[in-house]
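What the coordinates show
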Amino acid sequence: MGKKKLPRFLYGGDYNPEQWPADTWAQDIQIFKQADINSATINVFSWALLEPQEGQYDFTKLDRIVDELSAAGFDIVMATSTAAMPAWMFKKYPAVARVDYQGRRHVFGQRHNFCPTSPDYQRLASGLVTQLAKRYGDNPHIVAWHVNNEYGGNCYCDNCAAAFREWLKQRYQTLDNLNRAWNMNVWSHTIYDWDEIVVPNELGDAWGPEGTETIVAGLSIDYLRFQSDAMLNLFKMEKHIIEQYAPDIPVTTNFHSLPNKMVDYQKWAREQDIISYDSYPAYNMPTYQPAFLYDLMRTLKHQPFMLMESTPAQVNWQPYSPLKRPGQMRATELQAVAHGADTVQFFQLKQALGGSEKFHSAVIAHSGRTDTRAFKEVARLGHDLKRVGSVVKGAGVHAKVGIVFDWSNFWSFEYVDGITKDLQYVPIILDYYRQFYKRNIPTDVISVDDDFSQYDLVVAPVLYMVKPGLGKKIENYVAAGGHIMTSFMSGMVDSSDNIYPGGYPGPLKKVTGVWVEESDAVVPGHQTKITIDGQEHAAHLICDLIHLEGAKSLGEYANEFYAGTPAVTENKFGRGTAWYVGSRLDHDGLSPVIDRAVTASGITPLTDQPTEVEITKRVTTDGQPLYFVLNMSNDQHELPLKFHGYRDLLTDQTARPTLNGWDVEILTK
Amino acid sequence: MGKKKLPRFLYGGDYNPEQWPADTWAQDIQIFKQADINSATINVFSWALLEPQEGQYDFTKLDRIVDELSAAGFDIVMATSTAAMPAWMFKKYPAVARVDYQGRRHVFGQRHNFCPTSPDYQRLASGLVTQLAKRYGDNPHIVAWHVNNEYGGNCYCDNCAAAFREWLKQRYQTLDNLNRAWNMNVWSHTIYDWDEIVVPNELGDAWGPEGTETIVAGLSIDYLRFQSDAMLNLFKMEKHIIEQYAPDIPVTTNFHSLPNKMVDYQKWAREQDIISYDSYPAYNMPTYQPAFLYDLMRTLKHQPFMLMESTPAQVNWQPYSPLKRPGQMRATELQAVAHGADTVQFFQLKQALGGSEKFHSAVIAHSGRTDTRAFKEVARLGHDLKRVGSVVKGAGVHAKVGIVFDWSNFWSFEYVDGITKDLQYVPIILDYYRQFYKRNIPTDVISVDDDFSQYDLVVAPVLYMVKPGLGKKIENYVAAGGHIMTSFMSGMVDSSDNIYPGGYPGPLKKVTGVWVEESDAVVPGHQTKITIDGQEHAAHLICDLIHLEGAKSLGEYANEFYAGTPAVTENKFGRGTAWYVGSRLDHDGLSPVIDRAVTASGITPLTDQPTEVEITKRVTTDGQPLYFVLNMSNDQHELPLKFHGYRDLLTDQTARPTLNGWDVEILTK
Amino acid sequence: MGKKKLPRFLYGGDYNPEQWPADTWAQDIQIFKQADINSATINVFSWALLEPQEGQYDFTKLDRIVDELSAAGFDIVMATSTAAMPAWMFKKYPAVARVDYQGRRHVFGQRHNFCPTSPDYQRLASGLVTQLAKRYGDNPHIVAWHVNNEYGGNCYCDNCAAAFREWLKQRYQTLDNLNRAWNMNVWSHTIYDWDEIVVPNELGDAWGPEGTETIVAGLSIDYLRFQSDAMLNLFKMEKHIIEQYAPDIPVTTNFHSLPNKMVDYQKWAREQDIISYDSYPAYNMPTYQPAFLYDLMRTLKHQPFMLMESTPAQVNWQPYSPLKRPGQMRATELQAVAHGADTVQFFQLKQALGGSEKFHSAVIAHSGRTDTRAFKEVARLGHDLKRVGSVVKGAGVHAKVGIVFDWSNFWSFEYVDGITKDLQYVPIILDYYRQFYKRNIPTDVISVDDDFSQYDLVVAPVLYMVKPGLGKKIENYVAAGGHIMTSFMSGMVDSSDNIYPGGYPGPLKKVTGVWVEESDAVVPGHQTKITIDGQEHAAHLICDLIHLEGAKSLGEYANEFYAGTPAVTENKFGRGTAWYVGSRLDHDGLSPVIDRAVTASGITPLTDQPTEVEITKRVTTDGQPLYFVLNMSNDQHELPLKFHGYRDLLTDQTARPTLNGWDVEILTK
């Protein structure tokens, strides 16, 4: 967060009082206080109220909201309202709306549908934000600015095409460079004039669901980069205005999704004063998946983050929204804190009576009652956070394992047209993350630009795209004693998606000591097997046919014509070691490989004892370790012996040796 | 039907002789007579022949068709031909064609694709109908006028947008009212000028398949209401022309589908002189489903209806069209009569040789032969109807159970974005209908505007939208001794889809004596159970967590954290009783609840004896009860003892104690 | 091939050296020679390089490619590069791009996306081809010209609409004829002006996936005919230019797919000097399917064909691309030769580093190495072909069975809207082909215009559309002693898709001696059975209810209300016999019917001994029979005894009595 900090641990969330008469607000605030809520995010979608027609502003209602919350001692997260444009704007300037992947201009409706390069949108958004910043910039109750909302979604309009060409000129300088980068002599694609470049939607070089199929991967990946940049420019535009009027207040925009494929959060993170994240794990999502996302968010700036949105009970937009079981909401929120959140914020503080989110739960439900199970759980958590928030706030996480997650790889890997249609980036990264999660080994989710030397072990599965210098960086890291693990489909292409000739895994050949001659697709209804330590395991997706060029084999294929050849290898390189995993293994199959790497890297888990509870460790700013022990299930589980006798901050008593379903303890010695 | 009546029981159907040379028609008519066919519906799709270019009419062929049928003693149902526009009209006036949900203007092709607000379409259709009405209005052989055909399908063009805004002005008067009704402060949707309102298709506030997903349910539901009204206006336009020239002849348009979601038949029914329905049960549709639809059609005007279309053998457009088994066609047609049909009409009397419906069966098949199984069955049924038609015609059905089916609920319930994605209106209504069908209890399918006091029991499942006054109407009905049954997802929203605050089921809280605090989604692969009378039953879709506020529990959840809490309740209210069913139950689970309500309401089935046959009762205009006993299966079933010794009108003999597969008896004492 | 012949058996494929620096080419050629490659196809997609702006040509690079290959003794297949247009052309002439089935004009991107009637495209393509033909027409190293590439894909633009109307005027002369042919009095479709005709895409009369659903089958089938003709005109345009400069060199375009539904290859074949085919069997395709396609290609001109493309290892665009097992590539390529190929050509000789096909395998892979399994197999096959190519080249296949495959039936059968939605043409044809394949009986895949008298048995399943004269042709063939087998859904419509009245199978009634009164759909989850020779077999898809009108029954239904009625029949007609198969039978069920026909027709398989190997026979130009024995599996199989002692041309040794997995022998006495 650098010097811009939140004043305290925030407990609150999105509050849209403009949907009700003003005389109901005082009662709302009274109820929030019963739950120890100390903060509200406001003004997320009020553009139409603030600017009923172009250039005419009306802050009467917002002033009063700010006043009432301030008077009640609430910290305010002030949003800028630019994520949903008023109807009059679409009518007056139709080009503020996006042209979609199917080539259609949209009209007024929904939200998050602005064309990022529209000069009208930019001018009008700037105008509004300037007014807001001027008016509220020095308000002492505002503790953070929240720009726009959940950026995402690409535009394919003529404006974007023109801006894309400018972006390309910056990147490639000459058409020769561009033609080479995109390998445009294939299929007569050679470009002779910048104006000949068209956007890659369904009418041009792309097909299939957006972001999955393209003729020219270099073009399509660059378009995703460009759109991410164009949206980032909007964020920066707003941020720079706010900074003029509120120079000391952190500015953020809320990231979202699992993760959001269309926005390169690692590039965006550099522009954020603090990371904020909207977390909505589905009922059937394994608990390591939100943990992974929290670790990603924390690692983006290597600092605590804001849990900007989450739900007190049900969401409305997932296919099924079963009730959270008693205690589940509390454990789910504290899981975010355990991984680095310094706020707990809900969407929404009061449940809308109409509109698309009326079945999204809230602190104040439709019934308006406080004798409900959901409200009581919110109040209990408020009580907990009031007790522990100030201790936890600012506490860091020190991980010695870094798992690489990279947007350029996300994009390029899923554009791959070959071997098997089942290539999905996130599930494979999660395979590896889950290994460390289950071992209670703290893990950072790092970018390819992070400093690897901070880690004893760097895990980079399906590192398909290796940008210039990255191969050398990895070699240096390992040579100096680092440990790296990579996998099939790695080291294949450069940053424009052109193959490194000379044999896979290209720039990783030397460090891994292998040459992959061929890659077999695992087809439905067939099972290839790999033997590791005498045990057979299922091989999925792809089976690399590996030649050892210095490495030694840790596991071999058990069937097929390549039975007996290496499937998993280990290579000593300088003072370090590199592992290559030539197929997608089940959890049980990958486990001995991870064990070996953990041991070799000298990494110790937070407990050696096998356990079903989740454990994380945050270290306070004054060096005190806090152990979060979470039972993320309906069943009873035992506290590991190591923590017996520790003090639970939540109860100020000795740790309970048995955790009931969804029980949480925050332990110190 | 009021004073406009059909002269006799019609047996016939759609006849398109214009597809063949005129010298073949006499032979056709001869064959129809062999099957005792006494009626033909003509001129359904002849606009292009009647008006080869704008304003130039040619009735030569139609005159001859009318003459030949009249000479043969046929009753004629005269259609107006406005459902399929000629090619020249699309070329001259492209805007007569619809803009679809994807935003695309269509061109010449298919049918039923006119924009309902197109001034050109209206002018040209009026012109044609005026010519037809003038020419044939006083023809004594025409027994009914058939306007257009199977109205349905929405348009999203600029004309419709403009007309929609006018419709909204009528409904809401001011933009303040509209913004409040649609809760437009959500997501910055506030409207400041009527012109800012855009139609809710894929480019605006809607997404997903048409009619399923929207940001602003109030807007989308109003658009469906508007489109239904706009099409109804077309019907009224034609009807008013016809009435000028044929004031005593009933005018109708044929309803269709299962049921048609896009047309509010209850509102349309008020404008029909007689209801007509096109019935095409699929081979795998349970037999209670067409029964439900016939009961709906009969209840629309509480009068017998016309079975305007049905098929003598196979249809062409369903995924699979197995042959009807011997006797099945006859039973299927007589089922409609059993539930209130006063006609049996086929599509089609002669099988087209080309075009999209050439594989749709007909009385005269491609072979032209009359020694076929299908023709013999048609002739047998003709013989039957000749015998019983005059007895049956006009006979009414007296039901003491009313099941509520409401288009506003159909629309709003399926737009719900929350709890579970599996919310479908019709299947849940059918759950309840099936209970009464299986018990052989006559049932009306009523609207929320029907007079509830006519019924001993009103069943209103998933009565999600409760319009102003409806809650009070239900309270009054029950207080006065009525019985009501409702379910989960009831009493939630007003007529603009805004939640009733204060706790579910809103305006039904008092009468049901329950407060629903939360609703759990039942997720795939998981089974929640409910115990009723000591038996466990599966709970589906949603489980309401119910507080008894006066009601008593009739069944409790058997598992989950809410085990032991009420799932089904009963509440004495005034002199009546209200039941609340908090989950979707299987047929066996719902059965004891229905039993209890039937007993409490004093309703008696047509037979107490368990039976596999279907039984209905129509009472002739002179008070004679006719019992229809239908074996709707391939297997033998026994006649209930009660009917032994009755006379079968179809054979004029004593009822057979055993019904063979697809056997039917129409019994009187 | 007539007088235009290939000079030798070609081994080579597509080579795109323009994707690499010129100084790498010599090394490539050196590697090709190591594999005994003697040919390269060049210039397939170089338009953008050859014509960087309109009218400015640059042949520097192509000259050098031609020179280097010529110097190395390679035969060149010269492509014309017109299948992928340069970006500048889309910018300058947007209408060169197609309007798709959804009604959207496409832009620059992908390939094979030209509007076939675009005057700009035609002018520019002609210009380029004229330059190429002039420059290289007399080059002695060019052994074939390859026009465009894999034609296919329909356009629905205004230009095409106008051209379609002209095409229709040629076909129908008058609108009366057209209205009658399309049966346009249905649904008010009557046309009064040619300009009223619109193209049948999603906005007009068609719906569903392209080519599957339409209101007016006559219109939609004619549109497919027209588009196939329009593309054929493009081929002829190029061919005529080339012929002026290279009158003695064969001209071809490469056919593709399984087969390509959108191009009537039988009509196109007349314009080809030699047939060429791109073969990409998927990993899970049964081996009789490529065999069928090769037999189709050979029969198109009753001459050997070019295997223009195939893959040395994996393709990139199929859902799963497992590795070919050791020996599998060789067997797969030789299977084509066994069925009539006189070339073996790969896509691609060198693997692209970028673009959509970078994961499509090549002779020179990304590694550039020749010590790979794949390269060694390519070299082995090169060695084989060097040995046997000159013997095999020109050798014919003499089949006495002709299986009818007809594009008008392909189109019309799959447009059928009725009985069952599961009507697919190719799988049913394959059912019958497979019977002969498994018996090792040589089979031609003939058109309805082929001379039936060449065959002892003609098999024409689902001959739904019977064009004028075809019924009589079949009668004459059988009367004169021929044998015909047909099936359900035959003889139903004329060439405009209008039913033949009077009973199915229309013009085939007399020759088959049956009348089909009704056709039952077999529905999911239900099993109808047929008894043949005392054995019960499953009936699929459709069950015809057959009246014997001269025929005798060979098999009867075993269940349903039509149990005991005929399902398969045989009819003596003149000196020949006709079989009618009233349902879709499993392989085992169809087998006794085929046995009976084979015996009656006096056809002898290449071996009587049951065997798992595939056997074909080609007869060299000097009359020597060559038996190809292929083990198309991973398992060992025995050589039939008949061939013991034969000489294997591939080894010049006595035939091995046991074939290992994927082993091949080419045997002579």
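Quantities reported herein were computed from a predicted structural model and do not represent experimental measurements. The numbers attached to residues start from 1 for each chain and follow its sequence in the written order. Each chain takes a letter, starting from A, and each ligand takes a number, starting from 1, following the order in which they are written. Whole-chain, interface and lining totals are the exception, using all residues; otherwise, since this is a predicted model, local features are given only for residues with pLDDT of at least 70 and side-chain atom pairs are given and counted only at 80 or more. Hydrogens and water molecules were not included; the side-chain quantities draw on all heavy atoms of the structure.

The next thing to look at is the relation of the copies chain A and chain B. Note on the identical chains: chain A maps onto chain B by a rotation of 120 degrees and an axial translation of 0.0 Å, with an RMSD of 0.0 Å. Expressed as an axis order, the relation between the two copies is that of a three-fold axis. The fit set for superposing copies consists of C-alpha atoms from residues with pLDDT of at least 70 in both; the fit itself is least squares.

Between Lys or Arg on one side and Asp or Glu on the other, a salt bridge is scored when a side-chain nitrogen of the former is within 4 Å of a carboxyl oxygen of the latter. The tally for this structure, following the rule as stated, stands at 129 salt bridges over all chains. Between Lys267 of chain B and Asp229 of chain B there is a salt bridge, and its shortest N-O distance comes to 3.0 Å. Note that Lys267 of chain B is positioned in helix H9 (residues 265-269) and Asp229 of chain B in helix H8 (residues 217-245), a separation of 38 residues in sequence. Lys267 of chain B sits in the partly exposed class, given a relative accessible area of 31%. The partner of Asp431 of chain C in a salt bridge is Arg584 of chain C, and the shortest N-O contact between them spans 2.7 Å. With Asp431 of chain C in helix H14 (residues 425-438) and Arg584 of chain C in strand S22 (residues 583-585), this residue pair connects regions lying 153 residues apart in the sequence. Residue Arg584 of chain C is classed as partly exposed on the basis of its relative accessible area, which comes to 23%. Through salt bridges that share partners, Lys4, Lys239, Glu243 and Asp273 of chain A make up one connected network. Only runs of H or I of at least four residues qualify as helices and only runs of E of at least two qualify as strands under DSSP, and these elements are numbered from the N terminus. Exposure classes here rest on a 1.4 Å probe applied to the protein chains alone. A residue is buried below 20% of its type maximum, exposed above 50%, and partly exposed in between.

In this assembly, 48 residues from chain A lie in contact with 55 residues from chain B. Computed with a 1.4 Å rolling probe, the buried area is the accessible surface lost when two parts are put together, summed over both parts. Carbon and sulfur atoms make up 56% of the area that chain A and chain B hide from each other, which totals about 4,500 Å². A per-residue breakdown of the area chain A buries against chain B is headed by Gln110, Tyr320 and Phe359 of chain A, which together make up 17% of the total. For the pair chain A and chain B, the number of links is 7 salt bridges. Residues are treated as being in contact if the distance between any of their heavy atoms lies within 4.5 Å.

Let us look at the side chain of Arg298 of chain A. Following the sequence through the fold, Arg298 of chain A ends up in helix H10 (residues 288-301). Within the structure, Arg298 of chain A has its side chain in polar contact with the backbone oxygen of His339 of chain A (distance 2.9 Å). Here a polar contact is recorded for every N or O atom pair within 3.5 Å, except that within protein the pair must consist of a potential hydrogen donor and a potential acceptor, and residues adjacent in sequence are included only if both atoms are side-chain atoms.

Residue and element names in this part refer to chain C. Mapped onto the secondary structure, Asn159 falls in helix H6 (residues 158-172). Look at Asn159 and you get partly exposed, because its relative accessible area is 32%. In this structure the C-alpha to C-alpha distance between Asn159 and Thr117, which are 42 residues apart in sequence, comes to 6.3 Å.

The next point concerns the packing of helix H5 (residues 119-136) of chain C against helix H8 (residues 217-245) of chain C. Residue and element names in this part refer to chain C. Each axis is a line fitted through C-alpha atoms, taken for helices only over the stretch in contact, and angles between the N-to-C directions span 0 to 180 degrees. Across the interface, H5 lies against H8 with an axial gap of 9 Å and an inter-helix angle of 25 degrees. Between H5 and H8, the angle is such that the two are roughly parallel. When the axes of H5 and H8 are compared, the crossing they make is right-handed. Contact with H5, carried on its side by Tyr121, Gln122, Ala125, Ser126, Val129, Thr130, Ala133 and Lys134, involves Leu234, Met237, Glu238, Ile241, Ile242 and Tyr245 of H8 and no other residues of that element. The nonpolar class holds Ala, Val, Leu, Ile, Met, Phe, Trp, Tyr, Cys and Pro. Asp, Glu, Lys and Arg form the charged class, and all remaining residues, Gly among them, are polar. Looking at the contact of H5 with H8 residue by residue, the class counts come to 9 nonpolar, 3 polar and 2 charged. Orientation categories follow fixed angle ranges, with anything under 35 degrees roughly parallel, anything over 145 roughly antiparallel, 65 to 115 roughly perpendicular, and all other angles oblique. In this scheme, a crossing is called left-handed if the near helix is turned counterclockwise away from the far one by less than a right angle; it is called right-handed if the turn is clockwise.

With that settled, consider the state of the cysteines. Two cysteine sulfur atoms form a disulfide, by the criterion used here, when they sit within 2.5 Å. Counted by the stated rule, this structure contains 0 disulfides over all chains. Counting only cysteine sulfurs, Cys115 of chain C is the nearest neighbor of Cys157 of chain C, a cysteine outside any disulfide, at a range of 3.6 Å.

In regular strands, side chains alternate between the two faces of the sheet. Residues and elements named next belong to chain A. Relative to strand S10 (residues 306-309), strand S9 (residues 276-278) runs parallel, the two sharing 3 bridges. Its bridge partner being in S10, Ser276 is matched across the sheet by Met306. Think of it like this: strands point away, you trace from the first strand over the helix to the second, and a clockwise trace means the crossover is right-handed. Once the chain exits S9 it traverses H10 before rejoining the sheet at S10, and the crossover so formed is right-handed. Whether two strands pair comes down to DSSP finding at least two bridges between them.

All names here are of chain A. The source of the domain bounds is an automatic or database domain assignment. Segmenting chain A into domains produces domain 1 (10-150 + 224-392), domain 2 (158-221), domain 3 (401-601) and domain 4 (614-668). Here the C-alpha centre of domain 2 lies 35 Å away from the C-alpha centre of domain 1. The partner domain 2 presents 19 residues to the 16 residues of domain 1 that form the contact. Buried area between domain 1 and domain 2, both sides added, is near 1,500 Å², and the carbon and sulfur share of it is 59%. Considering only the side of domain 1, the residues that lose the most area to domain 2 are Tyr101, Arg225 and Phe226, jointly responsible for 53% of the buried surface there. In this assembly, domain 1 and domain 2 are joined by 0 salt bridges. Joining domain 1 to domain 2, the criterion identifies 9 residue pairs in polar contact (both at pLDDT 80 or more).

All names here are of chain B. Aromatic rings from Phe, Tyr and Trp, taking only the six-membered ring of Trp, are treated as a pair when their centres fall within 6.5 Å; an angle between ring planes under 30 degrees marks them as stacked, one over 60 as edge-to-face, and anything in between as tilted. Counted according to the given criterion, the structure contains 132 aromatic pairs over all chains. An angle of 65 degrees between the planes, with centres 6.4 Å apart, marks the rings of Phe413 and Tyr464 as edge-to-face. Separated by 51 residues along the polypeptide, Phe413 in helix H13 (residues 407-415) and Tyr464 in the loop between strand S14 (457-460) and helix H15 (470-479) bring together distant segments of the chain. With relative accessibility at 0%, the residue Phe413 sits in the buried group. For Tyr464, a relative accessible area of 0% corresponds to the buried category.

This paragraph deals with the sheet that holds strand S9 (residues 276-278) of chain B. Residues and elements named next belong to chain B. Spatially, 3 strands are ordered S8-S9-S10 in an open sheet, and the strand pairing comes out parallel. In this open sheet, the two edge strands, each paired with only one partner strand, are strand S8 (254-255) and strand S10 (306-309). Examined bridge by bridge, S8 and S9 share 2 bridges and lie parallel to one another. Along S9, the bridge assignment pairs Asn254 with Ser276. Set on the sheet, helix H10 (residues 288-301) makes contact with S8, S9 and S10; between it and S9 the angle comes to about 160 degrees.

Contact with chain A, which involves 55 residues of that partner, is made by 49 residues of chain C. Carbon and sulfur atoms supply 56% of the area buried between chain A and chain C, which totals about 4,500 Å² over both sides. Ranking the residues of chain A by area buried against chain C places Trp187, Ser188 and Leu203 of chain A at the top, with a combined share of 17%. The interface formed by chain A and chain C contains 7 salt bridges.

Further remarks concern the UniProt feature "domain: Beta-galactosidase C-terminal" (unreviewed entry) in chain A. UniProt positions are given in the numbering used here, feature names are shortened, and annotations may be inferred rather than shown by experiment. Here the UniProt feature "domain: Beta-galactosidase C-terminal" (unreviewed entry) sits at residues 613-668 of chain A. Secondary structure content for residues 613-668 of chain A is 0% helix and 45% strand, and the end C-alpha separation is 17 Å.

All names here are of chain C. With 14 residues, H14 extends 20 Å between its outermost C-alpha atoms, agreeing within 8% with the 20 Å of an ideal straight helix rising 1.5 Å per residue. The largest bend along H14 measures about 25 degrees and falls at Tyr432. Residue Asn440 follows H14 closely and has a positive phi angle near 55 degrees. Helices are assigned an expected span. That span is 1.5 Å times one less than the residue count. The quantity called bend is, for any residue, the angle between two axes fitted respectively to the seven residues ending at it and the seven beginning at it.

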